[in-house]
Amino acid sequence: MIPDVLVEYQSEIWVSIGETFVLVGFAILAALLVGLPIGTFLFLCRKGQLLENQFVFSSLNLIVNLIRSFPFLLLVIFIIPFTRFVMGTAIGTVAATLPMMIIAMAHYSRLVEQSLLDVPKGVMEAAVSMGASIKDIIFKFLYVEARSALVLSMTTSTISFISYSTIMGVVGGGGIGDFAIRYGYQQFRTDLMIYVIIIILVFVQFIQYAGITLARKIDKR
Amino acid sequence: MITLHNVSKQFESFEAIKNVSLSIKSGEIYGIIGASGAGKSTLIRMMNYIEKPDEGSVVIDGEALDQVKHKRIRHIRQSLAMVFQGYNLVGNKTVYDNVAVPLELSKVPRRDRAERVLESLRFVGLETLKNQYPGQLSGGQKQRVAIARALVNNPSVLLCDEPTSSLDPNTTAEVLEVLKRINERLGVTIVIVSHEMEVIKSLCQRVTVMADGKVYDTVENNPTGVHHMEHSAEGFVKRLRSGGDANDS
Ligand SMILES: Nc1ncnc2c1ncn2[C@@H]1O[C@H](COP(=O)(O)OP(=O)(O)OP(=O)(O)O)[C@@H](O)[C@H]1O
Ligand SMILES: [Mg+2]
C-alpha cells in the first residue's frame, strides 16, 4: 500500500513534516496574535470608521503592502541580518519562523481588514448607539458578525503559509518542501517528489475542507 | 427631556441641518416628518450624539453633551435606545442573545439577565422565538426583536428612525401598536422619524415638520395641526424646490 520510497525515507519525511508544522504553526500564531489586531486596527482607522485616522491608516497600509508585495524568497534573504539580531542565528527551523511570522502578520491582517468591511454598517451603528466601548464593539459585534469570514481568511492564509514554508530550505529552515527539493529534485528521485507533492496536496485539501465546513457551521446569518 | 439648541451640521460643504432648535418632553411621543434628504436621520442621531453637531448644543435631562466626557456619553446612550429602519440585529446571535447585548454592555450579572430578556421579549410577543436567528424571522418580527433589545435596559427614551419604513401596512400597524404600548405602560418617551404621514398621525402627540435641513413648524397632532402640516408644509417643500428661501415667509 505505502510506496517503498516513502517507507525508505519515512524518518526524514516525518522530521520534515514536523518542521513544516513548526513553521506554519508559528505563522498561524503570529497571524492570530498580531495579524488579527493589526487588521482590526486597519479597518477601524479607515475613512468613516470609528477610529478614522488617515495618517495611521496610510502608514500601516503601506507597511502591510510592502511586506506582501516583497517576493518572499528575497524577503527571507533580505532580512537575514535582522533575523540574526532577533533570533541569535539566521539558520535553522527556529530562525526561519521569523520571516514566516512576518509574512503571516501582513497576510492575515489584510484579509481580516477585508472581512470586517463586510460587517453591515448598521450593526456598527447599533453598537455605538447602545453605548458600547471600542472593545465591546470589536468582540461583541465585529468578530461575531465576521466570524465565518475570519475563519475562511485563516484557511486561505494557512494554505499560503504552507506554500511559503516550502522555500525555507534556503536558510536551513527545513520542512516538507525542502525535503522534496533536496531528495526528490536534487537526487533525481522524481517518484519521491511526486509522493511528497501528493502529501502536501492532501493536506491542503483537508485544511480547505475543514475551514469551509467550520465557516459554514458558524454562519447563522 | 431632550433639547436641541440651534444645532447645525455640515457634510463637506453640504448643510444638512441648519440652525434647528426643538424640545421634547418626558413621556411624549414626538414625531419628525419630512421628505427624503430633509435631515431627519441626522437630527435624531444628534440626540444620542452619534452625530455631533458642528454648532449648537444637545441637552439631555439638563446635561449638555458637549460638556461631558465620552464615557459619560456612552452611559447616556444606554438610556436613549435606538431603533433603526434596517433593524441592525447581529445575524450570528440568537434573538435571545441579541436582546441580551445591552445588559452585557452595562455589566448586568449573567444570572439577572435571563428574566429581563424574557420579559422584554414577552412585551413584544416574541418569547417563543428566543432561540431563532434573525435570518429566520420576518421583517416585522425582526423589528420587534430590535424593540425588545432597545427596551431591555429600561431606557427613558426610544429614538426610532423610520422603524416601519421597510414593513408592509399590517406589520407596520403591529409595530406601531407595540410602540404605543411602550409609551403608555412604561412611560418611555418616544421620538419617531418618518416620511409617512399615517404613521405620524396614528402615534404622535406633537410633530415637527422638516425640509431642507430646517424645521418648518412644530404642531400638535389634532385636526388643526394636521391640516396645517399637510397643506402649508407641502407648500413649504414646493417653495424650497423652486429655489425660494422658506425662511422669508
Ligand atoms: N455621512 C454623511 N456624509 C455626507 N452626506 C450626508 C451624510 N449623512 C447625511 N448626508 C446628507 O445629508 C442630507 C440629510 O440626510 P438625512 O439622512 O438626515 O436625511 P433624511 O431626512 O433622514 O432622509 P431619508 O428619508 O432619505 O432617510 C442628505 O442630503 C444626505 O445625503
Ligand atoms: Mg433617514
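Residues numbered from 1 in each chain as written. Chains lettered and ligands numbered in written order. Predicted model: local features only at pLDDT ≥ 70, side-chain atom pairs only at ≥ 80, totals over all residues. Heavy atoms only, no water.

1. Focus on the pairing of strand E3 (residues 29-34) of chain B
Residues and elements named next belong to chain B.
Okay, step 1: In terms of residue burial, E3 counts as a mostly covered element, since six of its six residues are buried.
Okay, step 2: Relative to strand E8 (residues 189-194), E3 runs parallel, the two sharing five bridges. What sits directly across from Gly-31, in E8, is Ile-192.
Okay, step 3: Direction of pairing for E3 relative to strand E9 (residues 206-211): parallel, over a ladder of five bridges. Within the sheet, the bridge partner assigned to Gly-31 lies in E9 and is Val-207. (Buried < 20%, exposed > 50% of the residue type's maximum accessible area, 1.4 Å probe, protein only. Helix = DSSP H or I, 4+ residues; strand = E, 2+ residues; numbered from the N terminus. Pairing = 2+ DSSP bridges.)

2. Description of the interface of chain A and chain B
Okay, step 1: In this assembly, 20 residues from chain A lie in contact with 21 residues from chain B.
Okay, step 2: Approximately 1,900 Å² of surface area, both sides summed, lies buried where chain A meets chain B, with 58% of it carried by carbon and sulfur atoms.
Okay, step 3: Run the count over chain A and chain B and you get two salt bridges.
Okay, step 4: Here Arg-45 of chain B makes a salt bridge to Glu-125 of chain A, at a shortest N to O gap of 2.7 Å.
Okay, step 5: Every element with two or more residues in the side of chain A that touches chain B is listed here: helix H7 (121-129) and helix H8 (134-145) of chain A.
Okay, step 6: With six residues, H7 of chain A is the largest single contributor of residues to the side of chain A that touches chain B.
Okay, step 7: The residue inventory of the side of chain A that touches chain B, partitioned by class, reads eight nonpolar, four polar and eight charged. (Contact = heavy atoms within 4.5 Å. Buried area = accessible area lost by both parts, 1.4 Å probe. Salt bridge = Lys/Arg side-chain N within 4 Å of Asp/Glu carboxyl O. Nonpolar A, V, L, I, M, F, W, Y, C, P; charged D, E, K, R; others polar.)

3. Some remarks on the domain arrangement of chain B
Residues and elements named next belong to chain B.
Okay, step 1: Once the domains are mapped, chain B shows domain 1 (2-79 + 157-241) and domain 2 (89-154).
Okay, step 2: Each of domain 1 and domain 2 has a C-alpha centre, and the two are 25 Å apart.
Okay, step 3: Facing 13 residues of domain 1, the contacting portion of domain 2 comprises 12 residues.
Okay, step 4: One can count one salt bridge joining domain 1 with domain 2.
Okay, step 5: For Arg-144, the salt bridge goes to Glu-174, with nearest N and O atoms at 2.8 Å.
Okay, step 6: In this assembly, domain 1 and domain 2 are joined by three residue pairs in polar contact (both at pLDDT 80 or more).
Okay, step 7: Ranked by the residues each element gives to the side of domain 1 that touches domain 2, the list is headed by helix H6 (residues 169-186), at nine residues.
Okay, step 8: Grouping the constituent residues of the side of domain 1 that touches domain 2 by class yields eight nonpolar, two polar and three charged. (Domains from an automatic or database assignment. Polar contact = N/O pair within 3.5 Å; in protein donor to acceptor, adjacent residues only side chain to side chain.)

4. Things to note about the layout of surface pockets
Okay, step 1: Put simply, the largest pocket is a space of about 730 Å³.
Okay, step 2: Taken together, 26 residues line the largest pocket, and the ones lying closest to its centre are Gly-48, Gln-49, Leu-50 and Lys-121 of chain A together with Ile-50 of chain B.
Okay, step 3: Every element with two or more residues in the lining of the largest pocket is listed here: H7 and H8 of chain A together with strand E1 (2-11) and helix H2 (70-77) of chain B.
Okay, step 4: With four residues, H7 of chain A is the largest single contributor of residues to the lining of the largest pocket.
Okay, step 5: Split into classes, the residues belonging to the lining of the largest pocket amount to 10 nonpolar, five polar and 11 charged.
Okay, step 6: Considered as a void within the structure, the second largest pocket measures approximately 230 Å³ in volume.
Okay, step 7: As for the second largest pocket, its lining consists of Arg-116, Glu-119, Ser-120, Phe-123, Leu-151, Val-152, Asn-154, Pro-155, Leu-186 and Val-188 of chain B.
Okay, step 8: The dominant element in the lining of the second largest pocket, judged by the number of residues it contributes, is helix H4 (residues 110-123) of chain B, at four residues.
Okay, step 9: Tallied by class, the residues present in the lining of the second largest pocket amount to six nonpolar, two polar and two charged. (1 Å grid on protein atoms, 1.4 Å probe; cavity = no way out; pocket = protein on both sides within 12 Å on 5 of 7 lines; lining within 4 Å. Points joined across faces, edges and corners; volume = space filled by probe spheres on them.)

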